Amino acid sequence: MEDRALLSGPNRRLRDLQLLYSVAKDFILGFRSLHFVGPCITVFGSARFDEKHRYYQLARDMGAAIAKMGFTVLTGGGPGIMEAANRGAKDAGGRSVGCNIRLPFEQSHNPYLDRWVTMEHFFVRKTLLIKYSYGFIIMPGGFGTMDEMFEALTLIQTRKLKSFPIVIMGSDFWPEMRQFMEHMLKGATISAEDLDLIKWTDSVEEAVAHLQDKAVTQFGLRRYRVPQSSALLGEKALEGAH
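Residues numbered from 1 in each chain as written. Predicted model: local features only at pLDDT ≥ 70, side-chain atom pairs only at ≥ 80, totals over all residues. Heavy atoms only, no water.

Novice: Please clarify how the overall build of the protein should be interpreted in this entry.
Specialist: What the protein contains, in helices and strands, is nine helices and seven strands. The C-alpha radius of gyration of the protein comes to 18 Å, within 12% of the 18 Å expected for a compact globule of 242 residues. Structurally, the protein occupies a C-alpha span of about 50 × 45 × 35 Å along its principal axes. Across the 242 residues that make up the protein, the buried fraction comes to 49%. Taking the contacts inside the protein whose residues are at least 6 apart along the sequence as the reference set, 71% of them involve residues at least 24 apart. Accessible surface for the protein amounts to roughly 13,000 Å². Of this, 54% is attributable to carbon and sulfur atoms. Of the side-chain charges in the protein, 30 are positive and 27 negative, and the distance between the mean point of each set is 6 Å. (Helix = DSSP H or I, 4+ residues; strand = E, 2+ residues; numbered from the N terminus. Rg over C-alpha atoms; globule rule 2.2 N^0.38 Å. Buried < 20%, exposed > 50% of the residue type's maximum accessible area, 1.4 Å probe, protein only. Contact = heavy atoms within 4.5 Å. Areas by Shrake-Rupley, 256 points an atom, 1.4 Å probe, with all protein chains shown as cover. Lys, Arg positive; Asp, Glu negative; His and termini not counted. Charge placed at Lys NZ, Arg CZ, Asp CG, Glu CD.)

Novice: Explanation requested: the pairing of strand β1 (residues 40–44) in the structure shown.
Specialist: Working note: regular strand, side chains alternate between the two faces of the sheet. Of all five residues in β1, five are buried, a share of seventy percent or more. Burial along β1 is two-sided: the face carrying Cys40, Thr42 and Phe44 and the face carrying Ile41 and Val43 are both buried. One ladder, built from three bridges, connects β1 with strand β2 (residues 72–75); its direction is parallel. Note on β2: the bridge partner recorded for Cys40 is Thr72. Handedness of the crossover joining β1 and β2 through helix α3 (residues 54–69) is recorded here as right-handed. Relative to strand β5 (residues 133–138), β1 is paired through four bridges, and the arrangement is parallel. Bridge assignment links Val43 to a residue of β5, and that residue is Ile137. (Pairing = 2+ DSSP bridges. Right-handed = clockwise from strand over helix to strand, strands pointing away.)

Novice: How do you make sense of helix α9 (residues 204–217) when you look at a structure like this?
Specialist: Since the α-helix advances by 3.6 residues per turn, residues separated by three or four positions end up pointing in the same direction. Between its terminal C-alpha atoms α9 stretches 18 Å, which fits the 20 Å expected from 14 residues at 1.5 Å a residue. Residue Leu211 marks the point of greatest curvature in α9, where the axis turns by about 25 degrees. Buried within α9 we find Val204, Ala207, His210, Leu211, Ala215 and Val216. Those residues of α9 hidden inside the fold are in contact with β1, α3, β5, β6 (166–168) and β7 (198–200). (Expected span 1.5 Å × (residues − 1). Bend = angle between axes of the 7 residues up to and from the residue.)

Novice: Sorry if this is basic, but what is going on with unusual backbone geometry here?
Specialist: Most peptide bonds adopt trans geometry, and most residues besides glycine take a negative phi value. Unusually for a residue other than glycine, Arg159 sits at a positive phi of about 65 degrees. Inspection of the secondary structure assignment puts Arg159 in the loop between α6 (143–157) and β6. Given the relative accessible area of 75%, Arg159 is considered exposed. Backbone geometry places Ala188, a non-glycine residue, at a positive phi of 65 degrees. With respect to the element layout, Ala188 can be found in the loop between α7 (175–186) and α8 (192–195). The class of Ala188 is exposed, set by a relative accessible area of 64%.

Novice: Explain the packing of aromatic side chains here, please?
Specialist: A ring pair, where both rings are aromatic, is described by two values, the distance of the centres and the angle of the planes. Applying the stated criterion to the full structure yields seven aromatic pairs. Measuring from centroid to centroid gives 5.1 Å for Phe173 and Trp174, while their planes differ by 80 degrees, and the two rings are edge-to-face. Judged by relative accessible area, which is 34%, Phe173 ranks as partly exposed. By way of ring pairs, the aromatic residues Phe49, Tyr55, Phe173 and Trp174 are connected into one cluster. Here the basic side chain of Arg54 rests over the ring of Tyr55, its NZ or CZ set 4.7 Å away from the ring centre. (Phe/Tyr/Trp six-rings, centres within 6.5 Å; stacked < 30°, edge-to-face > 60°. Lys NZ or Arg CZ within 6 Å of the ring centre and 35° of its normal.)

Now the structure itself:
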């Protein structure tokens, strides 16, 4: 795997050059694929929930609501919560996009995507999932979801990223996490303003209202035509993007 080689310590100069090319290739592929999909809201969450699980249904409802707002639903492109959000977008006639990752065990893209791109490098994928989004929905998940959530929070906290809304859903999954964040606040390792970055809710309607206030209204978003794509450069606008 490319990431393993990249993270394994010093390499020969030629090997490092090859790895840098691999990273650049991932970024270029991602930029050219996602630049034309319209403004996104990214949904993070576990790949392990099937369609019978209540979190799957919540993510599906949230995906539909995001699409009705006019946003493109962007996910990691895999099964579980990712599939549910993409499926919800398709339910509502909206745009559905995935940024998948190549793993040693099989993770194919889910069948509810209008477009997907497959990355070699986790950190490139995570950058792309954040780069094209005006807000983030965090559903229950594992290590990967925690990584993505705290990456977004850290970038906003350090002002590397604008104060885009972060909505955490599935309240019965998160009580220990909320308690630990309060513990960090008491220990003065974060500030009260940092916790204000998060909206905790199980209500799709409340989540939509928060996105409307903190993404659409705060940044003056409006529907617009996406940048003109170039067939010469292999670029292709997403059908219906606006």
